[in-house]
Amino acid sequence: MGHGKISSEKRASYKEIARNIVSADRTARRNGTSQNTIGTIERALVSAFLDGRKHAAKLEPENEEVTWIQVPPRSRETLCDMTFRFSARSGNHENRADRIEVFTENGKQRWSIVDADGKRRERSVADGSVRPLIRLGLIDHMSDNSNLYALTSKGRQLCRDHWERSDRDDPSLPKISLR
């Protein structure tokens, strides 16, 4: 059996399975209902093991397309905040995304969404919610302002696809966050 690198898509799907297990466990505990978390984890591990044997850990391709499941949940939330106008639910259904600006607060990098009029939202997010978006090539700094970042064409396409699926109430769409 080869010792190749597991594709980021496959790794992301395993993380999503783990998030679903944690979410179901939290819901059951909160509602005082019965649960079999250990059994669910065991079945997921067996499935992953068999999947690995079946595919013999294919090497990860270069320049892989990014899918929604590969974006970490808090980063998904940031993308959704930036692109809500892409959704038919927004009432506007525009093809315009907000930008996001980095700034320093109390010695830490924070990020805040900036609308088309240049107004920064009061709520900010931690650096860890935005850095994955840069690493995945979904946002990049704007050439005229190094503190302001905008969606790349890759990010725009990913978000359009997400909102189309969301507007259809696609049940296979990964969760935004477990909060």
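First, a word on what this report is: a plain description of the structure on this page.

Rules used in this analysis
Along each chain, numbering runs from 1 in the same order as the chain's sequence is written. Only residues with pLDDT of 70 or above have their local features reported here, since the model is predicted, and side-chain atom pairs are shown and tallied only from 80 upward, although totals for entire chains, interfaces and linings are computed over all residues. The side-chain figures draw on all heavy atoms in the structure; neither hydrogens nor water molecules are used. Any carboxyl oxygen of Asp or Glu within 4 Å of a side-chain nitrogen of Lys or Arg constitutes a salt bridge here. A run of DSSP states H or I qualifies as a helix once it reaches four residues; a run of E qualifies as a strand once it reaches two. Both are numbered from the N-terminal end. In this scheme, a residue with accessible area under 20% of its type's maximum is buried, one over 50% is exposed, and one in between is partly exposed, where area comes from a 1.4 Å probe on protein chains only. Along the arc lie the directions from the helix axis toward the C-beta atoms. Any pair of residues with heavy atoms lying within 4.5 Å of one another is described as a contacting pair. Whether two aromatic rings pair depends on their centres lying within 6.5 Å, for rings of Phe, Tyr and Trp, where Trp uses its six-membered ring; planes under 30 degrees apart make the pair stacked, over 60 edge-to-face, and the rest tilted. Note on criteria: charge over ring means Lys NZ or Arg CZ within 6 Å of the ring centre, with the direction from the centre no more than 35 degrees off the ring normal.

Across all of its chains, the model carries eleven salt bridges by this definition. For R123, the salt bridge is made with E77, and the minimal N-O distance between the two is 3.9 Å. A residue pair is termed long-range when its members are at least 10 positions apart, and R123 in the loop between β2 (108–114) and β3 (125–126) and E77 in helix α3 (residues 73–83) qualify at 46 residues. What makes R123 partly exposed here is its relative accessible area of 45%. One salt bridge in this structure joins D98 and R121, with 3.0 Å as the shortest N-O distance. A residue pair is termed long-range when its members are at least 10 positions apart, and D98 in the loop between α3 and β1 (99–105) and R121 in the loop between β2 and β3 qualify at 23 residues. Residue class for D98 comes out buried when judged on its relative accessible area of 3%.

Along an α-helix, residues three or four positions apart point the same way, because every turn accommodates 3.6 residues. Along helix α4 (residues 127–135), the residues that are buried comprise S129, V130, P132 and L133. Along α4, the residues classed as buried sweep out an arc of 155 degrees about the axis, all on the same side. Exposed positions of α4 whose direction lies more than 90 degrees from the buried face are G128 and R135. In this structure, the buried side of α4 is in contact with α3, β1, β2, β3 and β4 (139–142).

With that settled, consider the packing of aromatic side chains. In total, this model carries two aromatic pairs according to the counting rule given. With centroids separated by 5.5 Å and ring planes inclined at 75 degrees, the aromatic side chains of F84 and W163 adopt a geometry described as edge-to-face. One end of the pair, F84, is in the loop between α3 and β1; the other, W163, is in helix α5 (residues 153–167), and 79 residues separate them in sequence. Residue classification places F84 among the partly exposed positions, given a relative accessible area of 38%. Exposure remark for W163: the relative accessible area of 7% places this residue in the buried category. Ring centres 5.0 Å apart and planes at 70 degrees place the aromatic pair W111 and Y149 in the edge-to-face group. Of the two residues, W111 is situated in strand β2 and Y149 in strand β5 (residues 145–151); the sequence distance between them amounts to 38 residues. Here W111 matches Y149 in class, with each residue buried. Sitting above the plane of the F103 ring, R120 keeps its charged end 4.1 Å from the centroid.

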